[in-house]
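Commentary on secondary and tertiary structure
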Amino acid sequence: MVMNLTKTLLKNIDNKEIISYNVRFDNGFEVEILNLGGIITKIITPDKNGNLENIVVGYKDIESYIQNPSYFGAIIGRTSGRICEGKISIDGVDYDLAKNYNPHQGHGGDKGFNSKIWDVKILEEENNVILKLYTKSLDMEENYPGNLDLCVTFKIYEDYKIEQTYEAISDKTTLVNMTNHSYFNLSGNIKRPITDEYLKVDCDYILELDETCVPTGKKISVENTPFDFTKEMLIGERIDDNNKQIQIGCGYDHAFILNDTKNQIKLNDIISGRNMIIDTDQDCVVIYSMNFPDDVELYNGNKTQRRYGICFETQAAPIGRNMCFIEDSLLNKGEKYIQKTIYKFFVN
Ligand code: BGC
C-alpha cells in the first residue's frame, strides 16, 4: 500500500491545536479529518473519467469549521437530532437540556461533541490507516448525567471504504446516540444539486414528525409516499410533493427505519458515475436534504445552496413527544455503547 499521511496545524484555540489529518492513497482516494469535532472535510474519489473530486460539502476555511453552523462532517453527540423540548428523565430524575433548536434540543446541545478537540492516535495496517479519536464528556456537561469516555475510530481502506466505530462508556446511566453529519454530494466539488442523484433505502416505515419536527411516536408506511425509496428514485422526484410530512421538513428531514439487512442505503449519481453504499448496525437513518443552507463560503468558492448536500445520519430513533423512543438512546452505567457504520464508494 502506498499512502501519504500529512498532519497540518491549522490554528491554535484556547491553547489547543486544531490539526487536519490527511490520508492519501496512490489510487487518489483521499480522506481528511480534523481533530476538531472529528470533522470530515474531504473524501476525494474518482468519477467515471478518473477526475478526483471532493464528494462531501465543506467550508473554505477553518474559521467557518469552528462555527460550523450546519454541523458539516462532524461527530454528533451525546445525542443526534432533536430531543422534544429538551426534557428527559433517566431513572426517575428529570433533566432540562439546552433548547438550542428552539423549542427543542438539537445535536447534543450548545456545545456538542462536534465542537470538542479530540486526541488522535494513528495506526497503519496492511491495506488501511486507522485514526482513533478520543475524548471525554464530563458528568452534567450539557446537563447530561455521567462521565463518558468516548472513542471514534475511522478505518480508512485503500479500496475506497471508511469504517466508523463509535464507542462510549459512562459511570452513570445516561443517553448516547452518536452519528456523523457529513453532507454528501457525489457530483464532485459540490457542482450540482443532490436532487439530481438517485437514492435507494431499505426502509418500509418512517417516523411521523409533528409540526415542530419531532417524532410523534407513530410510524408511517412509505408506500405511495415521497418516502418510498425501496426502489431507486431520483431524490428530486417527489421532494416538493404536496405531502404533509414533506412540508413539515421542507423536504427530507426524517428518520427512516432501516430493515435489518446489509448495505441499506445507496446513493447513485449517473452523471459522474459515482456511487456510495452505507452499511450500518443502527435502527434508523435521518436523511436531511439540506433544506436550510447557511450563508458561509464553501471550498469551491460558492455559498451553500439549498439541496446541494445530503446527510445520512445513522442513529437510534430521535426522542420525540412524551419522550418516545428514549429507551433506544439509554446507555446503562458501565455498559458499552457501540455503533458501526461503513461508507463504500465506487464508480459505475
Ligand atoms: C437536522 C436538521 C437541521 C440540520 C442542521 C440535521 O441533522 O435534522 O433539522 O437543520 O441538521 O442543523
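Counting restarts for each chain, with residues numbered from 1 along the sequence as it is written. For this predicted model, a pLDDT threshold of at least 70 governs which residues receive local features, and a threshold of 80 or more governs which side-chain atom pairs are given and counted, while totals over whole chains, interfaces and linings are taken from all residues. In computing side-chain values, all of the structure's heavy atoms are included and hydrogens and water are not.

Some words on the packing of aromatic side chains
Inclusion rule: What counts as a ring pair is set by centres within 6.5 Å for rings of Phe, Tyr and Trp (its six-membered ring), and what kind of pair is set by the plane angle: stacked under 30 degrees, edge-to-face over 60, tilted for all other angles. A run of DSSP states H or I qualifies as a helix once it reaches four residues; a run of E qualifies as a strand once it reaches two. Both are numbered from the N-terminal end. In this scheme, Lys NZ or Arg CZ marks a charge over a ring once it lies within 6 Å of the ring centre and within 35 degrees of the ring normal.
Here the structure, examined in full by the defined rule, presents 16 aromatic pairs. Pairing Phe25 with Phe29 gives two aromatic rings, centres 6.0 Å apart and planes at 10°, and the pair type is stacked. Between Tyr71 and Tyr101, the aromatic rings sit 6.5 Å apart at their centres with planes inclined by 50°, giving tilted as the arrangement. Highlighted residues: Tyr71 in the loop between α1 (62–67) and β6 (75–76) and Tyr101 in the loop between β9 (93–96) and β10 (105–106), separated in sequence by 30 residues. Pairwise contacts between aromatic rings join Phe25, Phe29, Tyr160, Phe184, Phe312, Tyr343 and Phe345 into one cluster. The ring of Tyr157 has Lys161 sitting right over it, with the charged end atom 4.4 Å from the ring centre.

Section: unusual backbone geometry
Keep in mind that most residues, glycine aside, have a negative phi and that most peptide bonds are trans. Put simply, Gly77 and Arg78 share a cis peptide bond, and its omega is -5°. Looking at where Arg78 falls in the secondary structure, it is placed in the loop between β6 and β7 (82–83). Look at the link from Asn102 to Pro103: it is a cis peptide, with omega at 5°. Looking at the secondary structure, you find Pro103 in the loop between β9 and β10. With a phi close to 55°, Glu85 is a non-glycine residue in the positive phi region.

Some words on the pattern of salt bridges
Selection criterion: Any Lys or Arg side-chain nitrogen located within 4 Å of an Asp or Glu carboxyl oxygen qualifies as a salt bridge. Partly exposed residues are those whose accessible area sits between 20% and 50% of the maximum for their type, while under 20% is buried and over 50% is exposed, using a 1.4 Å probe and protein chains only.
According to the stated counting rule, one finds 23 salt bridges in the structure shown. The partner of Lys161 in a salt bridge is Glu163, and the shortest N-O contact between them spans 3.9 Å. The exposure class assigned to Lys161 is partly exposed, which follows from its relative accessible area of 21%. A relative accessible area of 18% means that Glu163 is categorised as buried. Salt bridges sharing partners connect three or more residues here, namely Glu30, Glu32 and Lys42.

Some thoughts on the site of the ligand
Stated precisely, the cut-off is as follows: Definition of nearness: a residue and a molecule or strand are near each other if at least one heavy atom of the residue lies within 4 Å of the molecule or strand. For the area figures, the Shrake-Rupley method with a 1.4 Å probe applies, and any residue is considered shielded solely by the protein chains shown. Residue type decides the class: Asp, Glu, Lys and Arg count as charged, Ala, Val, Leu, Ile, Met, Phe, Trp, Tyr, Cys and Pro as nonpolar, and the leftover types, Gly among them, as polar.
Lining the immediate surroundings of the ligand are Tyr71, Arg82, Tyr101, His107, His181, Tyr183, Asp253, Tyr288 and Glu313. Here the ligand, which alone exposes 310 Å², has 89% of that area covered by the protein. For the shell around the ligand, the per-class residue count stands at 4 nonpolar, 2 polar and 3 charged.

Comments concerning the pairing of strand β25 (residues 284–288)
To keep it simple, the criterion reads: Two strands make a pair as long as DSSP finds a minimum of two bridges between them.
In terms of burial, β25 is a largely internal element, 5 of the 5 residues being buried. Both faces of β25 are covered, namely the face carrying Cys284, Val286 and Tyr288 and the face carrying Val285 and Ile287. Both strand β22 (residues 253–258) and β25 contribute to a ladder of 5 bridges, which runs antiparallel. What sits directly across from Asp253, in β25, is Tyr288. Bridge analysis of β25 against strand β26 (residues 310–315) gives 5 bridges, and the strand direction is antiparallel. Each bridged residue has a counterpart across the sheet, and for Ile287 the counterpart in β26 is Phe312.

Let's talk about the sheet that holds strand β3 (residues 30–34)
Note the threshold: Here, axes are lines fitted to C-alpha atoms. For helices the fit covers the stretch in contact, and angles between N-to-C directions go from 0 to 180 degrees.
Taken together, the 5 strands give an open sheet; going across it, the order is β1-β2-β3-β4-β5, and neighbouring strands pair in antiparallel fashion. Strands with a single pairing partner mark the edges of an open sheet, and in this sheet they are β1 (3–13) and β5 (52–54). In this sheet, neighbouring strand axes are inclined to one another by 15° on average, regardless of whether the strands run parallel or antiparallel. Relative to β3, strand β2 (residues 16–25) runs antiparallel, the two sharing 5 bridges. Within β3, the position partnered with Val23 by the bridge is Val31.

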